[in-house]
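# Coordinates in review
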Amino acid sequence: MLKVKPIIPPNFVENLFKQTRFTKKEIVGLCKLFKKLVAIYGAESTSSVAAMSSVVLITIPTQGFDRLMFREFLQNEFGITTEEILTDRIFCFFDQRNDGVIHEDEWITGLSVLLKGTQDERIKYTFTIYDLNNDGFITKEEIFSLLRNCLVKHPQDEDPDEGVRELVDIVLRKMDCDNDTKLSFEDFSTSVNKQSLLLEAFGQCLPSREISESFLNSISSVQ
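Residues numbered from 1 in each chain as written. Predicted model: local features only at pLDDT ≥ 70, side-chain atom pairs only at ≥ 80, totals over all residues. Heavy atoms only, no water.

## A word on empty space enclosed by the protein
- Considering all chains together, one arrives at 1 cavity of 30 Å³ or more under this definition.
- Taken as a whole, the largest cavity holds about 40 Å³ of empty space.
- For the largest cavity, the full set of lining residues is R67, F70, R71, T87, D88 and F91.
- Those elements giving two or more residues to the lining of the largest cavity turn out to be α4 (67-78) and α5 (84-94).
- Residues belonging to the lining of the largest cavity are distributed by class as follows: 2 nonpolar, 1 polar and 3 charged. (1 Å grid on protein atoms, 1.4 Å probe; cavity = no way out; pocket = protein on both sides within 12 Å on 5 of 7 lines; lining within 4 Å. Points joined across faces, edges and corners; volume = space filled by probe spheres on them. Helix = DSSP H or I, 4+ residues; strand = E, 2+ residues; numbered from the N terminus. Nonpolar A, V, L, I, M, F, W, Y, C, P; charged D, E, K, R; others polar.)

## Notes on the packing of aromatic side chains
- Following the criterion strictly, the structure yields 19 aromatic pairs and no others.
- Pairing F65 with F73 gives two aromatic rings, centres 5.5 Å apart and planes at 45°, and the pair type is tilted.
- On the basis of relative accessibility, which here comes to 0%, the residue F65 falls in the buried class.
- Exposure remark for F73: the relative accessible area of 0% places this residue in the buried category.
- A connected cluster of aromatic rings, assembled from ring pairs, spans F34, Y41, F65, F70, F73, F78, F91, F93, F94, W107, Y125 and F215.
- Cation over ring: K24 sits above F17, and NZ or CZ is 5.2 Å from the ring centre.
- Sitting over the ring of F137, K182 keeps its end group 4.0 Å from the ring centre. (Phe/Tyr/Trp six-rings, centres within 6.5 Å; stacked < 30°, edge-to-face > 60°. Buried < 20%, exposed > 50% of the residue type's maximum accessible area, 1.4 Å probe, protein only. Lys NZ or Arg CZ within 6 Å of the ring centre and 35° of its normal.)

## Some details on helix α10 (residues 185-194)
- Among all positions of α10, only D187, F188, S189, S191 and V192 are buried.
- Among the structural elements, α7 (119-130), β1 (137-139), α9 (161-175) and β2 (182-184) are those in contact with the buried residues of α10. (Contact = heavy atoms within 4.5 Å.)

## Notes on the nonpolar core
- Ranked by size, the top nonpolar core spans 56 residues in total, and within it F65, F70, F73, W107, L111, F202 and F215 carry the most contacts.
- No other element matches the 8 residues that helix α2 (residues 24-42) contributes to this core.
- Not counting residues within four places of it along the chain, the set of residues in contact with F202 comprises L86, Y130, I138, I143, L146, L147, C150, V171, M175, L183 and F188. (Core = buried A, V, L, I, M, F, W, Y, C linked by side-chain atoms within 4.5 Å.)

## Here's the deal with the confidence of the model for the protein
- Per-residue pLDDT for the protein averages 87, and the proportion of residues at 70 or more is 86%.
- This model gives residues 46-61 a pLDDT under 50, and the stretch forms 20 contacts once residues within four places in sequence are excluded. (pLDDT = per-residue confidence, 0-100.)

## Some words on the packing of α4 against α5
- It is the contact of α4 with α5, at a shortest axis distance of 10 Å, that shows an interaxial angle of 105°. Taken together, α4 and α5 sit at an angle that is classed as roughly perpendicular. Across the interface between the two elements, R67, F70, R71 and L74 of α4 pack against E84, T87, D88, I90, F91, C92 and F94 of α5.
- Residue composition of the contact of α4 with α5, grouped by class: 6 nonpolar, 1 polar and 4 charged. (Axes fitted to C-alpha atoms, helices over the stretch in contact; angles between N-to-C directions. Parallel < 35°, antiparallel > 145°, perpendicular 65-115°, else oblique.)

Written out as structure tokens, the structure reads:
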């Protein structure tokens, strides 16, 4: 039986071309890659459609990435092995429909920021990830929670949190421009523009430049 190649509607590509920084050729490659990756990571997820035959996977549109599948994707493809609190926030950034699934267009739109975003786009993205309760500020408590998850792996001291609290105070002294004990977007943006290493100050949420370039180069070879 001949396998039916997936058909990518021209208007789908055109709309994503207008919304993202990808070329039309890259978008077509990403569409093909999306279906392949959903099938691969879906094979390890009980909520996936990977139990279907390969023919069905091609002729019937795949739904998308659930949280577990997306976490595996971030780790394996981008080397983002951060804590669940951050991978969940990255998932929410991609899941613009807020329906618990990252669909094809959401995946491509999100990747545009991660792989080709401007400095301003990447700053806005990381701020959104670190603003755990979406109130427009990264609070002292949120910084503590983020840094504690990143740093406290095997606590040996009587109070391992004390070192984290000291680090939080150091961070606020450096980044809190208006001294209100929390980071606004303006505080965060100003600090990152002065020192780019602060972009991922509270945990990894972006692929490295080398991995990004390798991923982009691989798109053109997707069959």
